Amino acid sequence: SIFRFPGGSHNTLVRKCHGKDFTKNLTEKLNEQGIHIYDWNVDSGDAKGNNIPANILIKNISKDIKDKDGNLKNPAIILMHDCMTKNTTVEALPGIIKLLKDEGYIFEVLN
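These remarks concern the structure in this document.

1. Section: the overall build of the protein
From N to C terminus, the protein includes four helices and four strands. N-terminal to C-terminal, the α/β element order of the protein is β-α-α-β-β-α-β-α. Taking the principal axes of the C-alpha coordinates as reference, the protein spans close to 40 × 30 × 30 Å. Burial analysis of the protein (111 residues in total) assigns 24% to the buried set.

The following block contains the structure:
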């Protein structure tokens, strides 16, 4: 009942291969079937390399949880990766969780 676009809904590769209306059309079809679509809106930056230091990932999130006007994004859905080359992403989690809680965020299940 939940869908996330691989690469995000604004993925330029998908747009180039399938046309500019592909995401919009797919979103409409998924909504018709009662499937909720979530997209990340905060980037940890862990995709930019392997084992980026945990403090850098926390710093990236700290900057990206705010919109251009300085308001906290609500909800904040953070892009992080789980693979063998992302050990520091796991190491950063306690700091990320503390940062988010200190900013007033609560953690909930998507539905």
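2. Let's talk about the nonpolar core
In terms of nonpolar packing, the biggest core is built from 12 residues, these being Val42, Ile52, Ala54, Leu57, Ile61, Ile65, Ile78, Ala92, Ile96, Leu99, Leu100 and Tyr105. Elements represented by at least two residues in this core include exactly helix H3 (54-64) and helix H4 (87-102). With four residues, H4 is the largest single contributor of residues to this core.

3. Some points on unusual backbone geometry
Here the amide bond leading from Asn74 into Pro75 is cis, since omega sits at 5°, within 30 degrees of zero. Mapped onto the secondary structure, Pro75 falls in the loop between H3 and strand S4 (78-79). For Asn51, which is not glycine, the phi torsion reads 50° and is therefore positive. Turning to its location among the elements, Asn51 is positioned in the loop between strand S3 (42-43) and H3.

4. A look at the environment of Val42
Relative to the elements of secondary structure, Val42 occurs in strand S3. Spatially, the C-alpha atom of Val42 lies 20 Å from that of Thr23, the residues being 19 residues apart in sequence.

5. A short note on a nonpolar patch on the surface
A surface patch of nonpolar side chains, about 350 Å² in accessible area, is lined by Val90, Leu93, Ile97 and Phe107. Within the secondary structure, Phe107 is located in the segment after H4.

6. Here's the deal with the pattern of salt bridges
The final tally for this structure, using the stated rule, is two salt bridges. Taking the shortest distance from any N to any O, the salt bridge between Asp64 and Lys73 comes out at 3.5 Å. Take Lys73: its relative accessible area is 18%, and that puts it in the buried class. For Lys98, the salt bridge identified is with Asp102, shortest N-O distance 2.6 Å.

Definitions and limits used
Residues numbered from 1 in each chain as written. Predicted model: local features only at pLDDT ≥ 70, side-chain atom pairs only at ≥ 80, totals over all residues. Heavy atoms only, no water. Helix = DSSP H or I, 4+ residues; strand = E, 2+ residues; numbered from the N terminus. Buried < 20%, exposed > 50% of the residue type's maximum accessible area, 1.4 Å probe, protein only. Core = buried A, V, L, I, M, F, W, Y, C linked by side-chain atoms within 4.5 Å. Patch = residues over 30% accessible without salt bridge, like charges linked within 9 Å, V, L, I, M, F, W, Y side chains within 5 Å. Areas by Shrake-Rupley, 256 points an atom, 1.4 Å probe, with all protein chains shown as cover. Salt bridge = Lys/Arg side-chain N within 4 Å of Asp/Glu carboxyl O.

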